[in-house]
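# Fold and contact review
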Amino acid sequence: GQQVMQIPQYQHVQEGEDFTTYCNSSTTLSNIQWYKQRPGGHPVFLIQLVKSGEVKKQKRLTFQFGEAKKNSSLHITATQTTDVGTYFCAGPGYGGSQGNLIFGKGTKLSVKP
Amino acid sequence: DGGITQSPKYLFRKEGQNVTLSCEQNLNHDAMYWYRQDPGQGLRLIYYSQIVNDFQKGDIAEGYSVSREKKESFPLTVTSAQKNPTAFYLCASRYRVDQPQHFGDGTRLSIL
């Protein structure tokens, strides 16, 4: 079935280092969404990418959507302790999963001060 | 202030007991979802509803039941048939297919 895979599963960085998480879909996606879940919290929507090759920035966060619309990445420059949490990518489901979001398993980021 | 309200925040279940988790939204969203999250894991879809009086099973529906009698409400019942119910349960909703999902604060369910 349709799958969205994310790597790495965990990432430990020193504060100030950069961080990147990668997302790969088994199918071409019409869009991809990114969510952040703080420890003990719920997922919060960060951004949606729609166009092939699209790049969007939110302060220190840079999001990319691949040319083939099957992969995406989130890059954080100079991490801070406030970046701690789990980052999920999600793509729209097709066929029997239409109307749903297919989530990756997430990348858990920890930042050492 | 619009949003999704889940209650209770913490819930304890005895053996053989059914428990119901509440999810209410005032965002006028058509679709609602229930996810289960185990420690260190991603989100697994239990049930979803795209419209009132209609719902479909997700990936892990066994041992759970839902109803969607009102647009605003999508309660989840964890039945005694669910042998490993301890988890964090998240309710979400969205307005349209291409729109992001909004999540409630979640309910943590544990076995007594």
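Residues numbered from 1 in each chain as written. Chains lettered and ligands numbered in written order. Predicted model: local features only at pLDDT ≥ 70, side-chain atom pairs only at ≥ 80, totals over all residues. Heavy atoms only, no water.

It is worth spelling out the overall build of chain A at this point. Helix and strand counts for chain A stand at zero helices and eleven strands. Listed N to C, the secondary structure of chain A is β-β-β-β-β-β-β-β-β-β-β in terms of helices and strands. Against the 2.2 N^0.38 benchmark of 13 Å for 113 residues, chain A shows a C-alpha radius of gyration of 14 Å, consistent with a compact globule. Here the C-alpha coordinates of chain A stretch approximately 45 × 30 × 20 Å along the principal axes. (Helix = DSSP H or I, 4+ residues; strand = E, 2+ residues; numbered from the N terminus. Rg over C-alpha atoms; globule rule 2.2 N^0.38 Å.)

Moving on, we get to the sheet that holds strand β8 (residues 76-78) of chain B. Residues and elements named next belong to chain B. Read from one edge to the other, the open sheet built from four strands follows the order β1-β3-β8-β7, with strand pairing classed as antiparallel. Edge strands, defined here as strands with exactly one partner in the open sheet, are β1 (4-7) and β7 (64-66). Pairwise comparison of adjacent strand axes, ignoring direction, gives a mean angle of 20° for this sheet. With three bridges connecting them, strand β3 (residues 19-25) and β8 associate as antiparallel partners. By the bridge assignment, Val19 is partnered in β8 with Val78. (Pairing = 2+ DSSP bridges. Axes fitted to C-alpha atoms, helices over the stretch in contact; angles between N-to-C directions.)

It is worth spelling out the state of the cysteines at this point. All names here are of chain A. Counted according to the given criterion, the structure contains two disulfides over all chains. The disulfide bridge from Cys23 ends at Cys89, spanning 2.0 Å between sulfur atoms. A torsion of 80° about the S-S bond marks the disulfide between Cys23 and Cys89 as right-handed. With Cys23 in strand β3 (residues 19-25) and Cys89 in strand β9 (residues 85-92), this residue pair connects regions lying 66 residues apart in the sequence. (Disulfide = S-S within 2.5 Å.)

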